[in-house]
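Inside the fold
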Amino acid sequence: MLIYAALDLGHPEIAATHARAAWHLAESANDNELRAWVRGTESLLARFEKNYTLADNLAQDGLKYAGAGTSTIRLLCGAAQCAANLNNSRKAQDLLDQALSLRDKAASDSVNGLYSFSYAKQLYYGGSSLMWLDDPQALKRADRDAGRAISLWEHEGDEFRSLDDEALAHVYQATARVKVGEIDGAMQVLRPVINLPEERKISWIRRRISEMGDLLDGKQFKGSVIAADARDELRSLT
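Residues numbered from 1 in each chain as written. Predicted model: local features only at pLDDT ≥ 70, side-chain atom pairs only at ≥ 80, totals over all residues. Heavy atoms only, no water.

The helix and strand tally for the chain stands at twelve helices and zero strands. Helices and strands appear in the chain in the N-to-C order α-α-α-α-α-α-α-α-α-α-α-α. A compact globule built from 238 residues should have a C-alpha radius of gyration of about 18 Å, and the chain, at 18 Å, falls within 12% of that. Reported as C-alpha extents along the three principal axes, the dimensions of the chain are approximately 60 × 35 × 35 Å. Across the 238 residues that make up the chain, the buried fraction comes to 51%. Considering only contacts in the chain between residues 6 or more positions apart, those separated by 24 or more positions represent 61%. Side chains of the chain carry 29 positive and 34 negative charges; the gap between the two charge centres is 4 Å. (Helix = DSSP H or I, 4+ residues; strand = E, 2+ residues; numbered from the N terminus. Rg over C-alpha atoms; globule rule 2.2 N^0.38 Å. Buried < 20%, exposed > 50% of the residue type's maximum accessible area, 1.4 Å probe, protein only. Contact = heavy atoms within 4.5 Å. Lys, Arg positive; Asp, Glu negative; His and termini not counted. Charge placed at Lys NZ, Arg CZ, Asp CG, Glu CD.)

Right, dumping it as structure tokens:
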């Protein structure tokens, strides 16, 4: 929990210190499930730092320890994010498809909640992976997966709902829509995040909204008043 808290506050170097401590504990306990979880989280930290080659290597190493629970699905989805950021659409979608094929076969995790990688989270990773691509079909899937994740979280109990991830899913869905030129639709799904109180706007949210602003400043939207207004509103938030 300290890893995620440090990262949400925008301190990946502190999060990495906690991750090293968690790996030491996993080694001391000879616990493969914890090893797989730590490698997946270290991969997440590397993705935050935009080091996607390192992130993919960590995810691949984690797969050596992944067991019958949902850790394999989590690591495959993390690898899909790396592939998408490295502009490999086919590989990213293949990894997401592989993860989906394992969903019904996954056994229970030994620590429910902490280790669990829910179906909503899996769809969220689909959106957060494919939104990076320029492939129109991949962007449509990103829009669809992020929307389905939001819907699932909205109808789940508080013990399963992840409010930060739910907010980020709105940003991912909006990003996919911007990339296909649907600015009004993007701002519509982003509005709940824009209206969040300041203390709810964690570092991930601010970073992704800033990146959306950069997209709206691209050549595709040159001369568009709608894009300029949306860009200015997003930049005022970050």
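A separate point is the side chain of D143. Examined against the element boundaries, D143 turns out to sit in helix α8 (residues 136-154). Look past the residues within four positions of D143 in its chain and what remains in contact with it is Q173, A176 and R177.

This paragraph deals with the nonpolar core. Judged by nonpolar contacts, the single largest core of 71 residues is most densely connected at Y124, L190, V193, I205, L216 and L234. Ignoring anything within four residues of it in the chain, the contact list for L190 reads H170, V171, A174, M212 and L234. (Core = buried A, V, L, I, M, F, W, Y, C linked by side-chain atoms within 4.5 Å.)

The next thing to look at is the packing of aromatic side chains. The final tally for this structure, using the stated rule, is seven aromatic pairs. Centre to centre, the rings of Y4 and W37 are 6.2 Å apart; their planes meet at 75°, and the pair counts as edge-to-face. Of this pair, Y4 sits in helix α1 (residues 2-8) while W37 sits in helix α3 (residues 32-48); the two residues are 33 residues apart in sequence, bridging distant segments of the chain. Here Y4 falls in the partly exposed class, since its relative accessible area comes to 26%. Under the relative-accessibility criterion, W37 is labelled buried at 10%. These aromatic residues form a ring-pair network of at least three members: F117, Y124, Y125, W153 and Y172. (Phe/Tyr/Trp six-rings, centres within 6.5 Å; stacked < 30°, edge-to-face > 60°.)

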